[in-house]
Amino acid sequence: MAHFYDIESGRKDLSARGLGRGHERFAIPVPRDGGIQDLLAEAARPDRRFNAVICESIDRIARRTYIGTQIENRLEQLGVLLLCADEPIILNGKRASQILTRRVKQGVAEWYVLELLEKSWGGFEAHTEQGYNVGKPCYGYAADKIPHPVPARRAEGRTKHRLVPDPVCGPVVTHIFALRVVERLAYREIAERLNRDLDRYPPPTPVDPDRALGRWTGSSIREVLINPKYTGYMVWNRRATKKGGSCNPPELWVWSSQPAHEPLVTRETFLAAQKVAAQKERSRSAAGVNSAHPQAVRSYPLRSYVFCAACRRRMFGKTRIPYSYYACVPAYGHRPEGHPPAIYVREDRLMDGVSDFFARRIFGSARWHYLDHALADGTNRAMDEYQAKADALRRAIADIDSRRARLVRTLETTDDPIGDLVQDIHARAARLAEERAAKHRELGDLQQVQPVRSVPELLDVIPVGTADLALLPEVVLRRLFDAFRLEIHFDKPTNTATCRVTITGDTLQAIRQVTATALQRVEEGAAEELPICAVPPARYGANLRRLYLRLLGIGWWSRAVSTWSRGARSDHLSPLRGRTLDPVDDNRFGAAAGRDRRRCFLPAHA
C-alpha cells in the first residue's frame with residue numbers, strides 16, 4: 001500500500017501536475033509517497049506496490065474531463081484499475097453503468113468549476129465598473145476605505161476601497177510622466193534624476209517590505225508609466241496572476257466605463273508616454289560617447305532622430321574618415337522590396353539642413369509664412385484620411401444591411417423551406433448581425449477620436465532669434481531636439497530629408513525653457529571672441545600631410561601618429577601649450593605662418 005496526493009489546482013495540464021510543494025505547508029498525518037507523477041511512474045514499473053488505485057471521487061483526479069480520462073486510460077494500459085470510493089466497485093468486468101456514472105460526474109465537476117470562474121470573473125467586472133480597487137493601491141494613490149455594500153459582509157467588518165491621490169506621492173507620478181513625455185528620458189535616467197532627492201521623490205514600497213531597495217529603479221519607473229489607473233479609470237486583469245505576474249495583452253484588460261477616481265495625468269499624456277518607448281527603443285537619451293560600448297570613440301548629435309523613409313527604421317551613426325554618416329542596413333530577411341542593401345547620409349549635411357530648419361521655421365521672423373502652408377496641407381490630409389475611414393465603415397454597414405435583406409427575401413420566396421436551409425439562414429443572419437455590430441463599434445470609436453486640431457498660436461510662445469545649432473553643446477542640443485520631438489525622415493531616391501517637430505500644451509513649458517537656454521548660449525557664443533589655438537608653421541603642415549598620405553598607403557597610420565604625438569609635436573607645440581594667440585598681433589611664426597594663418601588657425605571649439 002502506498003499514498004500519493006498533491007495540494008494543487010486540478011485544472012493544470014498533466015505535465016505540470018505534481019511539481020508543487022503545497023503539501024509541505026500542512027501537517028497532514030497521512031504519509032506521502034509522492035504525487036501524481038510518482039504514481040504514474042511507479043505504475044509503469046514491474047515491481048509496483050499496488051494493482052489498483054482508489055480515490056475519493058473522480059473529480060479529485062482532475063477537474064478537467066480530458067485530463068481525468070487521460071490518467072485513467074494510462075493506468076488501464078498498465079493493468080491498474082482506477083476505482084472511486086463513491087462509486088460501486090465492480091470487479092467482474094461489467095463496467096458500463098460505472099463508466100456512465102463516472103463521465104456524468106466528470107462533466108458536472110468541469111461545469112461547476114467553469115461556472116464558478118465565470119461568476120467570479122463577472123464579480124470582478126462589476127467590482128471594476130463600480131470603481132473599487134483590487135489589491136494594494138498603486139504608487140501615487142491612497143486607499144479610501146468605505147463600508148462593504150453587502151449588509152452581511154458589512155456586518156463582518158468588511159470594507160472596499162477607492163483610490164484617492166496621495167498628497168506626497170501623487171505629484172511624483174505627474175512629474176515622472178512629464179519627464180517621459182516632455183524630455184523623453186529613459187527609465188534609468190528618470191530613476192537617476194529622482195534618486196538625487198529621495199525626500200522629495202520617495203521611492204515605492206513593494207508588497208513585501210523586505211524586498212524594498214530604498215531607491216528608484218528603471219523597472220519601478222516603468223511600472224508607473226504603464227499603469228493606466230493614473231488616467232482616472234479603474235482597470236483590472238492587467239497581470240496574469242497564474243503566470244508569474246506577466247502582463248496580459250491590453251485587449252484582455254477590464255476598464256470601467258467612466259472615470260472612477262481623480263486622475264494624476266490626462267489620457268492623452270498617458271498615451272504619449274506609451275509611444276515614447278517604441279520611438280526610443282534601444283537608444284540612449286544621454287549625450288556624449290556611449291561608455292557602455294568599448295569600441296565607441298565619438299557621439300552622434302542626431303542619434304535617435306534620423307529615420308529611413310523606406311523602412312521606417314531608425315538609422316544609426318557610422319564614421320568613415322573623414323566623414324560621419326547615418327546608415328540604414330537592414331538584414332536581408334527584413335529588407336522591404338526596393339530597399340537598397342545600405343543607405344547612407346552624411347551627418348554634416350543633415351546638420352546644415354536641421355540648423356536651417358530651426359533658424360527659418362522655428363526661430364525665424366518669417367516662420368508664420370512657412371507654417372501656414374504646412375498646416376494647410378497637414379490639416380487637409382488628416383481630415384481626408386478621417387473622412388475616408390468613416391465613409392468606408394458606413395459603406396460596410398450598408399453592404400451588411402443589404403445582404404441581410406437578401407437573406408430575408410430568400411426566406412420569403414422559398415416555398416416550404418426545409419429545416420437545414422432555415423438553420424443555415426439563421427446562422428448566416430447571426431454572423432451578419434455580429435459583423436454589423438462590430439462595424440458600428442468601430443464607427444463609434446472613430447467618431448469619438450476626432451482628428452488632432454492644430455493650434456498655430458503655440459508658435460507665438462517661442463521667442464524669435466538667431467540660432468546656430470553648431471554653437472550648442474550636445475547636451476543642450478539633445479534637450480532642444482527632445483523638447484520639440486524632432487523627427488528626420490531621409491528618402492534615398494529623392495535624396496531629401498524631411499524634418500518634423502511637434503509642439504503641444506504639455507511640452508510648451510519645457511520648450512520655452514530649453515529654447516531660452518539655447519538662444520542664450522548662441523548669443524553668448526557670438527558675443528565672445530572665440531579663442532584661437534595655433535598649429536605648427538605651414539611647411540610643417542605640408543610635411544605632415546605628405547606623411548599622412550604615405551602612411552595611408554602602407555596601413556600604419558595609427559602607429560605613426562602615435563609616434564608623432566610623442567616626438568615631433570612636443571618639439572613644435574610645447575611652447576604654445578595652454579596659450580591663446582592673436583592671429584593679427586602675434587608674428588611668432590613669421591610671414592610664412594601668416595600666409596597660411598587662415599588655414600592653420602582654428603576656433604578652439606572645433
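Residues numbered from 1 in each chain as written. Predicted model: local features only at pLDDT ≥ 70, side-chain atom pairs only at ≥ 80, totals over all residues. Heavy atoms only, no water.

S.K.: Tell me about the sheet that holds strand β13 (residues 487-491), residues and numbers included.
M.R.: Taken in spatial order, the three strands make up an open sheet running β9-β13-β14, and their pairing is mixed. In this open sheet, the two edge strands, each paired with only one partner strand, are β9 (306-308) and β14 (496-500). Taking each pair of neighbouring strands and ignoring which way they run, the sheet shows an average axis angle of 25 degrees. As paired strands, β13 and β14 are joined by five bridges and run antiparallel to one another. Residue pairing in the sheet places D491 in a bridge with T496 of β14. Sitting on the sheet, helix α9 (residues 347-362) touches β9, β13 and β14, and the angle it makes with β14 is about 40 degrees. (Pairing = 2+ DSSP bridges. Helix = DSSP H or I, 4+ residues; strand = E, 2+ residues; numbered from the N terminus. Axes fitted to C-alpha atoms, helices over the stretch in contact; angles between N-to-C directions. Contact = heavy atoms within 4.5 Å.)

S.K.: So what's going on with the sheet that holds strand β12 (residues 343-346)? Residues and values would help.
M.R.: The strands that make up a sheet are held in pairs by hydrogen bonds between backbone atoms, and each pair lies either parallel or antiparallel. Pairing is antiparallel across the open sheet formed by three strands, whose spatial order is β10-β11-β12. Looking at strand neighbours, the two that pair on one side only are β10 (316-320) and β12, the edges of this open sheet. Within this sheet the neighbouring strands show an average axis-to-axis angle of 35 degrees, counted without direction. Packing against the sheet, α9 makes contact with β11 (323-328) and β12, and its axis sits at approximately 60 degrees to β12.

S.K.: Let's hear about unusual backbone geometry: which residues, and what values?
M.R.: In this model, I321 is joined to P322 through a cis peptide bond whose omega is 10 degrees. Inspection of the secondary structure assignment puts P322 in the loop between β10 and β11. For R184, which is not a glycine, the phi torsion comes out positive at approximately 55 degrees. Mapping R184 onto the fold places it in the loop between α5 (170-181) and α6 (187-194). In this model, S304 sits at a positive phi of 80 degrees, which is unusual for a non-glycine residue. With respect to the element layout, S304 can be found in the loop between α8 (267-279) and β9. Given a relative accessible area of 7%, S304 falls into the buried group. (Buried < 20%, exposed > 50% of the residue type's maximum accessible area, 1.4 Å probe, protein only.)

S.K.: An account of the pairing of strand β2 (residues 81-84) is requested, with residue identities and associated values reported.
M.R.: Across four bridges, strand β1 (residues 52-55) lies against β2 in parallel orientation. The residue of β2 that forms the bridge with I54 is L83. In this view, the connection linking β1 to its parallel neighbour β2 by way of helix α2 (residues 65-77) has right-handed handedness. (Right-handed = clockwise from strand over helix to strand, strands pointing away.)

S.K.: Could you give an account of the confidence of the model for the protein, naming the residues involved and the relevant values?
M.R.: Model confidence for the protein is summarised by a mean pLDDT of 79, while 80% of its residues fall at 70 or above. Considering only residues more than four positions removed or in separate chains, one finds that residues 547-606, a stretch of pLDDT under 50, has 49 contacts. (pLDDT = per-residue confidence, 0-100.)

S.K.: Could you give an account of α9, with specific residues and numbers?
M.R.: Taking 1.5 Å per residue as the helical rise, α9 with its 16 residues ought to reach 22 Å, and the 21 Å between its terminal C-alpha atoms agrees with that figure. All of the buried residues along α9 are E347, L350, M351, V354, S355, F357, F358 and I362. Burial along α9 is one-sided: seen end-on, the buried residues are contained in an arc of 155 degrees. Exposed residues pointing more than 90 degrees away from the buried face of α9 are listed as R349 and D352. (Expected span 1.5 Å × (residues − 1). Arc of directions from axis to C-beta.)

S.K.: Tell me about a nonpolar patch on the surface, and please be specific about residues and values.
M.R.: Together, L100, V104, V108, W111, Y112 and L116 give the surface a local cluster of nonpolar side chains, amounting to about 650 Å² of exposed area. You can see V104 is positioned in helix α3 (residues 96-129). The exposure class assigned to V104 is partly exposed, which follows from its relative accessible area of 49%. (Patch = residues over 30% accessible without salt bridge, like charges linked within 9 Å, V, L, I, M, F, W, Y side chains within 5 Å. Areas by Shrake-Rupley, 256 points an atom, 1.4 Å probe, with all protein chains shown as cover. Salt bridge = Lys/Arg side-chain N within 4 Å of Asp/Glu carboxyl O.)

S.K.: Describe α3, naming the residues involved and giving the relevant values.
M.R.: Its 34 residues give α3 an end-to-end C-alpha distance of 49 Å, which sits within 8% of 50 Å, the value for a rise of 1.5 Å per residue. Within the span of α3, buried status applies to Q98, R102, Q106, A109, V113, H127 and T128. Contacts made by the buried residues of α3 are with α2, β2, β4 (159-165), β5 (235-236) and β8 (254-255). Downstream of α3 by one or two residues, G131 has phi in the positive range, about 90 degrees.

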